[in-house]
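Remarks on the overall topology
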Amino acid sequence: MDLRFPPIAADRCLQFEHFPTPTQCMIYRNWELVAPQRIAKVLGITEARVNALASDMGLSVPARVHGDFLKNGYVTLIRANWHLLPYEQLCTLLDITPAKLSYLLAEDDFLDIKLGSIKPDTPPLGDITLNDAQKEQTKWIRRITEQTLAALPPISAEPFDFNPHFHDGVVGKPGKCDRFGIRMCASYCALYGDPFLDDELLTHSYPDALLEAYRDLGINALWTQAVLDTLTPSPFQPQLSVGYEKRLAMINKLIEKLGRYGIKLYLYLNEPRALDISFFRDHPELCGAKERGLGALCVCTEPVQKRLYDGAKFLAEHTPGLGGFLTITSSENLTNCYSRTDGTHTDCPRCDKVPPAEIFALVNRLLFEGARAAVPDFHMIAWTWGWPGWTIPDAIHGIDSAVDIMGVSEQAVKKNIGGVTTSVLDYSISVEGPGEYALATFAHARQEGHRTFAKIQANNSWEMSAVPYLPVFEKVYRHVSALIEKGKPDGLMLGWTLGGYPTPTLVMLRRLYEKSETLPTLSQLYAEMFPGPDTEALGKAFHLFSEAFDNFPFDIEVAYHAPQHYAPSNLLFDTPTGFTATMVGQPYDDLDKWRSIYPAPIFIDQFRRVSDGWQKGLAVLKEALKDTEMTPTLQMLWDCALVCGNHFRSTYLECLFVRERNDGVFRDDIVAEEAELALSEAAVMAHNPTIGYESSNHYFYTRQTLLEKVLNCRYLLKKHGYESVPERF
């Protein structure tokens, strides 16, 4: 089987000059994330030599490994080492085969795209011999590292140790949830790529403590990714289906486990998955649209239609008790021949003669008819994500009326931000729905006899996803209240891969699941969500947070590419790197990509407004909590609010730094403050394992990358002649 990897970009790789050598950078970044023995194996040296190199940089020896990053945080490791290790050494670090790495890059939520669809040109790393200048720099690293560690609290909560905290924000029990028949989210800690391999992975992704919290929050459905070729026998490439029996057994085990908590499992299908172009040398009649070395299996061909029908039938037949399917037919994946187009044209000669609405409907029809051939009352939800607006009426018309139709509630809502008009595709809390686009979709679906689903982001979004929730309750309350009044959807999806943590936001929404003549007020809800503190004082803080967040310069490209998820850890460079920011992956220093539709001055000023307003809210919240016992719920509230403030401030500062750097100005004050923000972030992470985590990206940053950010800032200050030490040290 041909393996697919992003191509190597010759002579292109970041240089991390705050380290004397790449080998030292690799050890520093991975320290206490993986065992020294594994680092030694990667570098081809002894464990004693690794320990010596680590000790020379001020790192703790012997190392105490925190969390199981090899199993649960491999995306974090891949991202951290992308500019350091070649593919072979990445596989050694992760203890996986090249085939497994190829699969993860292709199937783990567009990981190859998140990494930029190229591999930096990284020569193999090994042992080093330092010259005198490098030895002096290593001594300097040791001094800064020891100072930084002395300024931080010890780690009291291990990475991925979420279980003790899942009920911290869950107050009370659900009443009669008779509004929104299905209330769905993704498991907070579900591994995205291939979680159905063994019991340990399944337990990590769906722990009982989390399921119990979901039950108490009125959540009755969870979705997870599924790929037909890994769950059913593939007629085209049987090797892709190796292990499908075991995966099906694990799915059935999960169905039974969820059922104990009154929760149904839905499988997200994005089919038919494209195959490597080499497959079509012997099967040219099946090839449709082509992209990035892949060929679409054209759904206008009988064998592909049969594959979708038979695969859906087999899957439904072998997963009794499954809640149903959730489908997307236009996305970042190449699936049908219109899946990666604007709907006006495809390079597939067969499909180019067929309207895209017919193709979207055909895929859904084949999956649904196949499933219903096995289970007569099988349930399916067809999401309109990515469908050009003009295709929606015809696509819905071509889908069986027993299929529910889902739309993004805030889609196409327009908003003037700093004089720039933006429009939402998805993933916004700052721009509130429901919009006319979604309401029209719901209305049309109902006219055709379909039930409807609204997809929102309740806890967090790609505007800021490094915390379990944003305390902008006013915005979420207004959005869902308007959905109840205007949209009246039959079901509610509370978020995509992000946003599944059991939070006070979901406690608030639980009350809205109960039908009543009038909705509870925010003051009433705050009293239930946060027993103890003065409700009025909390309300003032939450109002300031919501008002501040209203200034977020939303555009889907900003949400995907700006540095707000990574900001306190995102390295500063005093010369342009030349690398392009990637989708929720590597922000680099790409201000032009960050700002998208916004002129740089407006973009930067909007983040200043978000940051300044958020700091006002923090001051009010701090006062409101001053004389109150810090329960776990209130501690999480403060942590989330503080970390959001750090991220928004850091994003603003980095935008300002890059703009002025490009104009030839070095801002030492920004660099010094960035070091402080990294320290503040690391201090919160020490006791809160949820900070920096999102299930499809794992940890955006770690204690080590935050330590490196401090080192990076201190190096730049030293390089540019600023020897002053920040007060924190």
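What comes next concerns the included structure. (Residues numbered from 1 in each chain as written. Predicted model: local features only at pLDDT ≥ 70, side-chain atom pairs only at ≥ 80, totals over all residues. Heavy atoms only, no water.)

Take the side chain of serine 330 next. With respect to the helices and strands, the residue serine 330 is situated in the loop between strand 9 (324–328) and helix 15 (356–374). By relative accessible area, serine 330 is classed as buried at 4%. Among the polar contacts made by the side chain of serine 330, one reaches the main-chain carbonyl oxygen of serine 339 at a distance of 3.3 Å. A polar side-chain atom of serine 330 sits 3.1 Å from the main-chain carbonyl oxygen of glycine 386. Excluding its chain neighbours within four sequence positions, the residues that come into contact with serine 330 are Tyr338, Ser339, Phe360, Trp385, Gly386 and Trp387. (Helix = DSSP H or I, 4+ residues; strand = E, 2+ residues; numbered from the N terminus. Buried < 20%, exposed > 50% of the residue type's maximum accessible area, 1.4 Å probe, protein only. Polar contact = N/O pair within 3.5 Å; in protein donor to acceptor, adjacent residues only side chain to side chain. Contact = heavy atoms within 4.5 Å.)

Let us now look at the packing of helix 26 (residues 668–685) against helix 27 (residues 703–719). Orientation of helix 26 relative to helix 27, taken along the N-to-C sense of each, is 160 degrees, at an axis distance of 9 Å. For the element pair helix 26 / helix 27, the angle class is roughly antiparallel. As for how helix 26 packs across helix 27, the hand of that crossing is left-handed. Judged by residue contacts, Asp668, Val671, Ala672, Glu674, Ala675, Ala678, Leu679, Glu681, Ala682 and Met685 of helix 26 engage Arg703, Leu706, Lys709, Val710, Cys713, Leu716 and Leu717 from helix 27. Across the contact of helix 26 with helix 27, the residue classes break down as 12 nonpolar, no polar and five charged. (Axes fitted to C-alpha atoms, helices over the stretch in contact; angles between N-to-C directions. Parallel < 35°, antiparallel > 145°, perpendicular 65-115°, else oblique. Left-handed = near helix turned anticlockwise from the far one by under 90°. Nonpolar A, V, L, I, M, F, W, Y, C, P; charged D, E, K, R; others polar.)

Let us look at the sheet that holds strand 4 (residues 221–226). If you trace the eight strands once around the closed barrel, you get 3-4-5-9-10-11-14-15, paired in parallel fashion. Averaged over all adjacent pairs, the angle separating strand axes in this sheet is 25 degrees, with direction ignored. One ladder, built from three bridges, connects strand 3 (residues 182–186) with strand 15 (residues 491–493); its direction is parallel. The partner of methionine 184 across the bridge, within strand 15, is methionine 493. (Pairing = 2+ DSSP bridges.)

Here we come to the sheet that holds strand 8 (residues 294–297). Read across the open sheet, the three strands follow the order 6-8-7; overall the sheet is antiparallel. The sheet terminates laterally at strand 6 (275–276) and strand 7 (287–291), the two strands that pair on one side only. As paired strands, strand 6 and strand 8 are joined by two bridges and run antiparallel to one another. Counterpart to aspartate 276 in the pairing with strand 8 is leucine 294.

This part is about the pattern of salt bridges. In the structure shown here, the tally under the stated rule is 41 salt bridges. A salt bridge links glutamate 17 to lysine 719; the shortest N-O distance between them is 2.7 Å. Taken together, the residues span a long stretch of sequence, with glutamate 17 in the loop between strand 1 (8–9) and helix 1 (22–30) and lysine 719 in helix 27 at a distance of 702 residues. According to the relative accessible area criterion, lysine 719 is partly exposed, its value standing at 43%. For the salt bridge of aspartate 208 with arginine 260, the shortest nitrogen-to-oxygen distance reads 4.0 Å. With aspartate 208 in helix 11 (residues 208–216) and arginine 260 in the loop between helix 13 (244–259) and strand 5 (264–269), this residue pair connects regions lying 52 residues apart in the sequence. Of the residues examined, aspartate 208 reaches a relative accessible area of 33% and is grouped as partly exposed. Residues participating in the shared-partner salt-bridge network are Lys415, Glu432, Glu474, Lys475, Arg478 and Asp550. (Salt bridge = Lys/Arg side-chain N within 4 Å of Asp/Glu carboxyl O.)

Under the criterion given, the structure shown has 46 aromatic pairs. Ring plane angle 75 degrees and centroid distance 4.9 Å describe the contact between tyrosine 566 and phenylalanine 700, whose orientation is recorded as edge-to-face. On the criterion of sequence distance, the pair formed by tyrosine 566 in the loop between helix 22 (556–561) and helix 23 (591–595) and phenylalanine 700 in the loop between strand 17 (698–699) and helix 27 is long-range, its members being 134 residues apart. Both residues of the pair, tyrosine 566 and phenylalanine 700, count as buried. Every member of this aromatic cluster is reached through a ring pair, and the members are Phe69, Phe160, Phe162, Phe166, Tyr188, Tyr501, Tyr693 and Tyr699. Residue placement shows arginine 29 over the ring face of phenylalanine 16; its charged tip is 4.1 Å from the ring centre. The side chain of lysine 119 reaches across the aromatic face of tryptophan 82, ending 5.1 Å from its centre. (Phe/Tyr/Trp six-rings, centres within 6.5 Å; stacked < 30°, edge-to-face > 60°. Lys NZ or Arg CZ within 6 Å of the ring centre and 35° of its normal.)

Here alanine 35 lies in the loop between helix 1 and helix 2 (36–43). Of the residues examined, alanine 35 reaches a relative accessible area of 28% and is grouped as partly exposed.

Here the focus is unusual backbone geometry. Following glutamate 271, the chain continues to proline 272 via a peptide bond in cis, the omega torsion being -5 degrees. As for its placement among the helices and strands, proline 272 is situated in the loop between strand 5 and strand 6. Here the bond from glycine 433 into proline 434 is cis, since omega is -5 degrees, no more than 30 degrees from zero. Phi is positive for aspartate 95, close to 60 degrees, though the residue is something other than glycine. Tracing the backbone through its elements, the reader meets aspartate 95 in the loop between helix 6 (87–94) and helix 7 (98–107). For histidine 698, which is not glycine, the phi torsion reads 60 degrees and is therefore positive.

One finds Trp223, Phe325, Leu494, Trp496 and Leu509 to be the most contacted residues of the largest nonpolar core, which totals 265 residues. Looking at which element gives the most residues to this core, the answer is helix 25 (residues 632–662), with 16 residues. Beyond its immediate chain neighbours, meaning those up to four positions away, leucine 494 contacts Met184, Cys185, Ile219, Ile456, Gln457, Ala458, Leu506, Leu509 and Tyr513. (Core = buried A, V, L, I, M, F, W, Y, C linked by side-chain atoms within 4.5 Å.)

Let us look at the state of the cysteines. Taken as a whole and judged by the stated rule, the model has zero disulfides. Lacking any disulfide linkage, cysteine 287 is separated from the closest cysteine sulfur, that of cysteine 337, by 7.9 Å. When its relative accessible area of 12% is taken as the criterion, cysteine 287 is described as buried. Counting only cysteine sulfurs, cysteine 640 is the nearest neighbor of cysteine 644, a cysteine outside any disulfide, at a range of 6.5 Å. (Disulfide = S-S within 2.5 Å.)

Turning our attention to the environment of valine 171. Examined against the element boundaries, valine 171 turns out to sit in the loop between helix 9 (132–150) and strand 3. For the pair valine 171 and aspartate 216, spaced 45 residues apart in sequence, the C-alpha separation works out to 8.5 Å. With residues near it in sequence (within four places) discarded, valine 171 still touches Val507, Arg510, Glu528, Met529 and Pro531.

Turning next to the pairing of strand 4. Most of strand 4 sits inside the fold, with six of its six residues counted as buried. Here six bridges tie strand 4 to strand 5, and the two strands are oriented parallel to one another. Paired with alanine 221 across the two strands is lysine 264, which belongs to strand 5.

The terminal C-alpha atoms of helix 13 lie 22 Å apart, and with 16 residues this matches the ideal 22 Å at 1.5 Å per residue to within 8%. If you check which residues of helix 13 are buried, you get Tyr244, Arg247, Leu248, Met250, Ile251, Leu254, Ile255, Lys257 and Leu258. Next to the buried residues of helix 13 lie helix 10 (199–205), helix 11, strand 4, helix 12 (228–231), strand 5 and helix 14 (302–317). (Expected span 1.5 Å × (residues − 1).)

Put simply, side chains in a regular strand alternate between the two faces of the sheet. Residues Thr452 and Ala454 of strand 14 (residues 452–455) are buried on one face, and the alternating residues Phe453 and Lys455, pointing to the opposite face, are buried as well. Note: strand 11 (residues 404–408) against strand 14, four bridges, orientation parallel. Bridge pairing in strand 14 links valine 408 to lysine 455. The sheet contact formed by strand 14 and strand 15 spans three bridges and is parallel.

It is worth spelling out helix 6 at this point. Every α-helix winds through 3.6 residues per turn, so residues three or four apart in the chain are directed the same way. Helix 6 sits mainly inside the fold: six of its eight residues count as buried. Looking only at helix 6, the buried set comprises Tyr87, Gln89, Leu90, Cys91, Leu93 and Leu94. Positive phi appears at aspartate 95, one or two residues downstream of helix 6, with a value of about 60 degrees.

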